[in-house]
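Spelled out, the chains give:
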Amino acid sequence: MRHGRVVLAALLCAGLGVTTSACGADDAAGPASPPSSAQSTAAPQTTAPTEPPPRPATGPLLSIPVAQVRAPGGWRIVTDDPSFKTAYDEQGLSLVRIDIFPQLATDPDLDRMAATRLESLQGSAMVPVTLQGPYELEAVEGRLFTGRRDGNHLFELLFLVDDAAVSVTIDSFSSVGVHRKRVESVLASFRWR
């Protein structure tokens with residue numbers, strides 16, 4: 001490891017030496033020469049590969065008064081109430097749900113709601129749940145809850161909108177990769193109304 005640091009330091013110093021010598025008095029005499037291949041390899045630019053944005057889910061539309069989201073293709077709506085909608089996969093093991101419930105507190109607070117929701121999830125979910133913290137969706141800040149055990153994955157967002165609690169839940173019985181793609185796809189279809 002120490003040898004790698006010495007080589008890296010030597011390359012950086014060589015690159016700095018070439019750069020500073022190219023900025024000397026000779027610059028006044030004429031235009032700078034194009035960089036040589038040695039100069040360009042001394043300080044490579046690294047860019048992270050970018051993934052294309054996730055494709056929005058194309059399944060049934062789950063809509064409440066303030067928001068809407070789509071379930072994955074092939075899923076079916078099983079609960080169609082004005083305040084909450086739920087869709088399940090073909091096996092009935094995984095779900096997407098969106099709901100809205102008025103808050104009865106005179107001064108609703110997102111962090112208090114999150115603490116109460118965490119207690120409820122920890123008592124009723126089939127997976128251990130943790131509050132991950134703030135999460136922004138379509139420029140509205142909410143709170144993120146996640147959990148995982150034996151192929152069961154929970155992803156839930158909680159928001160305070162117009163003095164009402166709004167939640168989006170994606171509960172998957174799948175691999176981590178399938179769950180991640182499902183969450184990305186469902187969230188890509190989400191819109192505030």
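Residues numbered from 1 in each chain as written. Predicted model: local features only at pLDDT ≥ 70, side-chain atom pairs only at ≥ 80, totals over all residues. Heavy atoms only, no water.

S.K.: Residues and numbers for the overall build of the protein, please.
M.R.: Of the regular secondary structure elements, the protein holds four helices and 10 strands. Beginning at the N terminus, the succession of helices and strands in the protein can be written as α-α-β-β-β-β-β-α-β-β-β-β-α-β. Considering the protein as a whole, with its 193 residues, one finds that 35% of them fall into the buried category. Put simply, of all contacts in the protein between residues at least 6 apart along the chain, 45% involve residues at least 24 apart. Per element, the accessible surface of the protein, about 12200 Å² overall, is 57% carbon and sulfur. (Helix = DSSP H or I, 4+ residues; strand = E, 2+ residues; numbered from the N terminus. Buried < 20%, exposed > 50% of the residue type's maximum accessible area, 1.4 Å probe, protein only. Contact = heavy atoms within 4.5 Å. Areas by Shrake-Rupley, 256 points an atom, 1.4 Å probe, with all protein chains shown as cover.)

S.K.: I'd like a rundown of the pattern of salt bridges, residues and numbers included.
M.R.: Evaluation of the coordinates by the stated rule reveals seven salt bridges. Close ionic contact of R143 with D111 constitutes a salt bridge, the shortest N to O distance being 2.9 Å. Residue R143 is found in strand β7 (residues 140-149), and its partner D111 is found in helix α3 (residues 110-124); the two are separated by 32 residues along the sequence. Note on R143: relative accessible area 9%, which makes it buried. (Salt bridge = Lys/Arg side-chain N within 4 Å of Asp/Glu carboxyl O.)

S.K.: Please provide a residue-by-residue account of the sheet that holds strand β10 (residues 191-192), values included.
M.R.: Taken together, three strands build an open sheet; the order of strands is β1-β2-β10 and the sheet is antiparallel. Each having just a single partner strand, β1 (61-64) and β10 make up the two edges of the open sheet. Pairing analysis gives four bridges linking β1 to strand β2 (residues 67-70), with the strands arranged antiparallel. Considered in β2, the bridge of L61 is made with R70. (Pairing = 2+ DSSP bridges.)

S.K.: So, the confidence of the model for the protein: which residues are in play, and what are the values?
M.R.: Model confidence for the protein is summarised by a mean pLDDT of 82, while 75% of its residues fall at 70 or above. This stretch, residues 1-41, has a pLDDT under 50; its non-local contacts, to residues over four places away or in other chains, come to four contacts. (pLDDT = per-residue confidence, 0-100.)

S.K.: An account of the pairing of strand β5 (residues 95-102) is needed here, citing residue identities and associated values.
M.R.: Of the pairings in the sheet, the one linking strand β4 (residues 84-88) to β5 comprises five bridges and is antiparallel in character. Across the sheet, residue T86 finds its bridge partner in β5, namely R97. Two successive antiparallel strands, β4 and β5, enclose a turn made up of six residues, where G92 displays a positive phi of approximately 75 degrees. In this sheet, strand β9 (residues 164-173) lies alongside β5 in antiparallel orientation, the contact comprising eight bridges. In the sheet register, I98 faces β9, and the bridge partner there is V168.

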